[in-house]
Amino acid sequence: MLVKSKSKSKSKYRVSNWSEYDASLKHRGSLTFWLSREVIEQWVSQQKTGGRGASNSYSDVAIELMVCVSSLFRLAYGTDLTG
């Protein structure tokens, strides 16, 4: 019977610039979108929502974009995409 050795030699990663490493952790997972002017103009609905403190009303374009992004990245419903 032949027995294989299970020795794994992993090389360790050592951080030499902690401020750069911390900044990279903060930006990990960030995503940038470029939108056309037409989409930006249509983003916020022009309808008044009512009194002070009422929830924002978003246009169909904004809702469709967020549904596409959510399905593309397999995000759960209600996931905060604003960071």
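About the cut-offs
Residues numbered from 1 in each chain as written. Predicted model: local features only at pLDDT ≥ 70, side-chain atom pairs only at ≥ 80, totals over all residues. Heavy atoms only, no water. Helix = DSSP H or I, 4+ residues; strand = E, 2+ residues; numbered from the N terminus. Buried < 20%, exposed > 50% of the residue type's maximum accessible area, 1.4 Å probe, protein only. Areas by Shrake-Rupley, 256 points an atom, 1.4 Å probe, with all protein chains shown as cover. Expected span 1.5 Å × (residues − 1). Phe/Tyr/Trp six-rings, centres within 6.5 Å; stacked < 30°, edge-to-face > 60°. Patch = residues over 30% accessible without salt bridge, like charges linked within 9 Å, V, L, I, M, F, W, Y side chains within 5 Å. Salt bridge = Lys/Arg side-chain N within 4 Å of Asp/Glu carboxyl O. pLDDT = per-residue confidence, 0-100. Contact = heavy atoms within 4.5 Å.

**Digging into the overall build of the protein**
Broken down by element type, the protein carries three helices and zero strands. Sequence-ordered secondary structure for the protein, helices as α and strands as β, is α-α-α. Within the protein, the proportion of its 83 residues that are buried is 5%. On the protein, roughly 8,700 Å² of surface is accessible, and the fraction owed to carbon and sulfur atoms is 53%.

**Digging into helix 3 (residues 60-72)**
Note that an α-helix has 3.6 residues per turn; residues three or four places apart therefore point the same way. The terminal C-alpha atoms of helix 3, which comprises 13 residues, lie 18 Å apart, in line with the 18 Å expected from a rise of 1.5 Å per residue. A positive phi of about 55° marks Arg74, the residue just after helix 3.

**Examining the packing of aromatic side chains**
Scanning the entire structure with this criterion turns up one aromatic pair. Centre to centre, the rings of Trp18 and Tyr21 are 5.6 Å apart; their planes meet at 90°, and the pair counts as edge-to-face. With Trp18 and Tyr21 both in helix 1 (residues 18-27), this residue pair falls three residues apart, about one helical turn. Trp18 gets classed as exposed once you look at its relative accessible area, which sits at 52%. On the basis of relative accessibility, which here comes to 31%, the residue Tyr21 falls in the partly exposed class.

**Considerations on a nonpolar patch on the surface**
On the surface, Leu31, Phe33, Leu35, Ile40, Leu72, Phe73 and Leu75 cluster together into a nonpolar patch covering about 670 Å² of accessible area. Considering the arrangement of structural elements, one finds Leu35 in the loop between helix 1 and helix 2 (37-43). Residue classification places Leu35 among the partly exposed residues on the basis of a relative accessible area of 37%.

**Comments concerning the confidence of the model for the protein**
Averaged over every residue, the pLDDT of the protein is 75; the share at 70 or more is 67%. The least confident element of the protein is helix 2, whose mean pLDDT is 81; the most confident is helix 1, at 87.

**Describing helix 1**
Here helix 1 lies mainly on the outside; zero of its 10 residues are buried. The first or second residue beyond helix 1 is Gly29, which carries a positive phi of 85°.

**Some thoughts on the environment of Val61**
Structurally, Val61 can be placed in helix 3. Val61 gets classed as partly exposed once you look at its relative accessible area, which sits at 27%. Spatially, the C-alpha atom of Val61 lies 9.3 Å from that of Ile40, the residues being 21 residues apart in sequence. Non-local contacts of Val61, meaning those with residues more than four positions away in its chain, are made with Val39 and Gln42.

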